Amino acid sequence: MITTDRQLQALKPKGTVYWESVKSPHGGGLAIRVQPTGSKAWYYRYRYNGKQDTYSLGRYPSVGLQEARESHGEAVTLHAQGINPKHAQRDEKARNESAWTMAELFEYWLRSYAKTPTVRTKRVPSPLVVEQARWRWGHYLKDRVGTLLVKHMDARTVKSTVSKIADTQSRNQASKCLTMLRAMLAHAEAHGQIDTNPAQGIQPSQLGATKSAPRDRVLSLSEIKRLWDAIESARLDTSAAAALKLLILTGQRRGELLQAKWQHIDLDGATWTLPAITTKSRREHTVYLSSAAVDLLREQQAVTGNLEYVFESQRASGQPIGDASLTTAIARLQGRKLAKQDMKAPLADMPRFSVHDLRRSMATGLLKHFGTAPHVVEQMLNHAPTDRLIETYQRHDYAKEQRLAWQAWGQLIVSAEAAEQTNVVPMRKAKR
């Protein structure tokens, strides 16, 4: 009987297959089979329903003596429970073949998520929100957990993954990734891939994944003018440069702007209509384009020709540029694209700002320089009314006031003066 690894190594091939019994603390039945070719494999030999049977435990030396004894012990336990180990192995293989990877789970969950109304809004998520979820998966989670089987995801893996995102990338995005993992694994639980959701009960604060405080960065007029000039002088991607300028001129959400299609823009009528399906508020929204915005779009149209999207990607035909393109462009202008800041970048000395800060800056600029009524600015930003009564009964859209405000803002941005203006004549406030 074999008792040591040295004895296993000493086994030599013969003219025919032969077996050697191996000592195991779990009882008899463990054996090693030696082929004439010299290959060796572990087996558990047993009787089931009165018939002789064998159960493969792997090849030697890939499976060592200690591991073979442990597998033998598991097989003996199954046999003692009246279960044929071979059948259990076949069932386990079938379960593994039908088990989802995390990448597969994401696709199944995203399809369900995109067509399921949320508890809070009672509406399905907008395409923009769905696309943000896909971006978050690809940017933060896919490389970390995409190849793992869902059934192998445990609380430790969830915590480790989210903690690393918080430590090395973004605390705010880490919190959102945890929320998404929790929703994905709940979907897996509902479909029998796991018994319990390992992300349930994990709090972002435990992992340093706290949401960041609301931003309040507002670019002054002189800073906006510097940014505009830097966009024109820097060698940015054509679509990214045009998109940044239109963000400055219109104050719309980045994701909604990048989804803009030429079919929704009337340059002669100076309007851009955002379909309800593409907006965060899920309401159709009209942007009254200033002369500066119309000129910018005509230049962009000369570049894109008959393409579908206003800001078409050069890398992915038939798709707009991604959200990250604008973030990268801003980082480049501020010299933050590399690990060490490039102080020669055109905006290196300017306090940090994000793409979304441009939206806040336009809103603030309208209030400061033109005295635009706050409710008109809210309409221009397509904010949902916080007062349900107003949302229900107030249908006036202040189109005239909005058009005047956008036109005035556009003229201010493209005017020759680069210094902060303090003597701009306020617009007449609209009556409510």
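Not measured: the values here are computed from a predicted model. (Residues numbered from 1 in each chain as written. Predicted model: local features only at pLDDT ≥ 70, side-chain atom pairs only at ≥ 80, totals over all residues. Heavy atoms only, no water.)

**Things to note about the overall build of the protein chain**
To be explicit about the condition: In this text, helices come from DSSP runs of H or I with a minimum length of four residues, and strands from runs of E with a minimum of two, each type numbered from the N-terminal end. Exposure is judged per residue with a 1.4 Å probe applied to protein chains only, and the accessible area is read against the type maximum: over 50% gives exposed, under 20% gives buried, and values in between give partly exposed.
From N to C terminus, the protein chain includes 16 helices and 7 strands. The buried share of the protein chain, taken over its 432 residues, is 42%.

**Digging into the pairing of strand β3 (residues 40-48)**
To be explicit about the condition: For two strands to be treated as a pair, DSSP must find no fewer than two bridges joining them.
In terms of strand pairing, strand β2 (residues 30-34) meets β3 through 5 bridges, oriented antiparallel. Within β3, the residue paired with Leu30 across the bridge is Tyr44. Counted along the chain from β2 to the antiparallel partner β3, the turn is 5 residues long, and its residue Gly38 has a positive phi close to 100°. The pairing of β3 with strand β4 (residues 51-60) spans 9 bridges and is classified as antiparallel. Pairing of Tyr46 across the sheet is with Asp53, part of β4. Two successive antiparallel strands, β3 and β4, enclose a turn made up of 2 residues, where Asn49 displays a positive phi of approximately 55°.

**Structural notes on the nonpolar core**
The tendency in soluble globular proteins is for nonpolar side chains to be buried side by side. Note the following rule: Definition used in this section: a nonpolar core is a set of buried Ala, Val, Leu, Ile, Met, Phe, Trp, Tyr and Cys residues joined via side-chain atoms within 4.5 Å. Here, residues are in contact when the closest pair of their heavy atoms is within 4.5 Å.
Core analysis: the biggest nonpolar cluster contains 62 residues, and Leu227, Leu244, Leu289, Phe311 and Leu326 have the highest contact counts within it. Of all the elements, helix α9 (residues 238-250) adds the most residues to this core, at 9 residues. Those residues in contact with Leu227 that sit more than four places away from it in its chain are Leu219, Ile248, Ile330, Leu333, Leu347, Phe353 and Leu358. One finds Phe106, Tyr140, Met153 and Ala174 within the second-largest nonpolar core, a separate group that totals 31 residues.

**What about the packing of aromatic side chains?**
The following threshold applies: A pair of Phe, Tyr and Trp rings is counted when the ring centres sit within 6.5 Å of each other, with Trp represented by its six-membered ring. The angle between the planes then sorts it: under 30 degrees is stacked, over 60 is edge-to-face, the rest tilted.
Using the criterion set out here, one finds 9 aromatic pairs in the structure. Ring geometry for Trp100 against Tyr108: centres 4.5 Å apart, planes inclined by 55°, an arrangement best described as tilted. Take Trp100: its relative accessible area is 14%, and that puts it in the buried class. Judged by its relative accessible area of 31%, Tyr108 falls in the partly exposed class. Ring geometry for Tyr288 versus Trp406: centroids 6.3 Å apart, planes at 50°, classification tilted. One end of the pair, Tyr288, is in strand β7 (residues 285-288); the other, Trp406, is in helix α16 (residues 399-414), and 118 residues separate them in sequence. Exposure remark for Trp406: the relative accessible area of 1% places this residue in the buried category.

**Focus on the pattern of salt bridges**
Quick reminder of the rule: By convention in these notes, a salt bridge is any Lys or Arg side-chain nitrogen within 4 Å of a carboxyl oxygen on Asp or Glu.
With the rule as written, the count across this model stands at 9 salt bridges. Salt-bridge contacts for Lys86 lead to Asp53; the nearest nitrogen and oxygen are separated by 2.8 Å. With a gap of 33 residues between them, Lys86 in helix α3 (residues 85-98) and Asp53 in strand β4 connect regions that are remote in the sequence. By relative accessible area, which is 32% here, Lys86 ends up partly exposed. Relative accessible area serves as the criterion here: at 19%, Asp53 is assigned to the buried category.

**Here's the deal with the sheet that holds β4**
For clarity, the cut-off: To obtain an axis, a line is fitted to C-alpha atoms, over the contacting stretch when the element is a helix, and the angle between two such axes runs from 0 to 180 degrees between their N-to-C directions.
One open sheet accounts for 4 strands, arranged β1-β2-β3-β4; its pairing is antiparallel. Across the chains shown, the open sheet's two edge strands, defined by having one partner strand only, are β1 (18-21) and β4. The mean angle between the axes of side-by-side strands here comes to 35°, regardless of whether they run parallel or antiparallel. Across the sheet, helix α2 (residues 65-80) lies against β2, β3 and β4, angled at about 15° from β3, the strand it touches most.

**Examining the sheet that holds strand β6 (residues 271-274)**
Within the open sheet, the 3 strands sit side by side as β5-β6-β7. Their pairing is antiparallel. The strands lining the two open edges of the sheet, one partner per strand, are β5 (265-266) and β7. Where β6 meets β7, 4 bridges bridge the pair, whose relative direction is antiparallel. Across the sheet, the residue bridging to Thr271 is Tyr288, located in β7.

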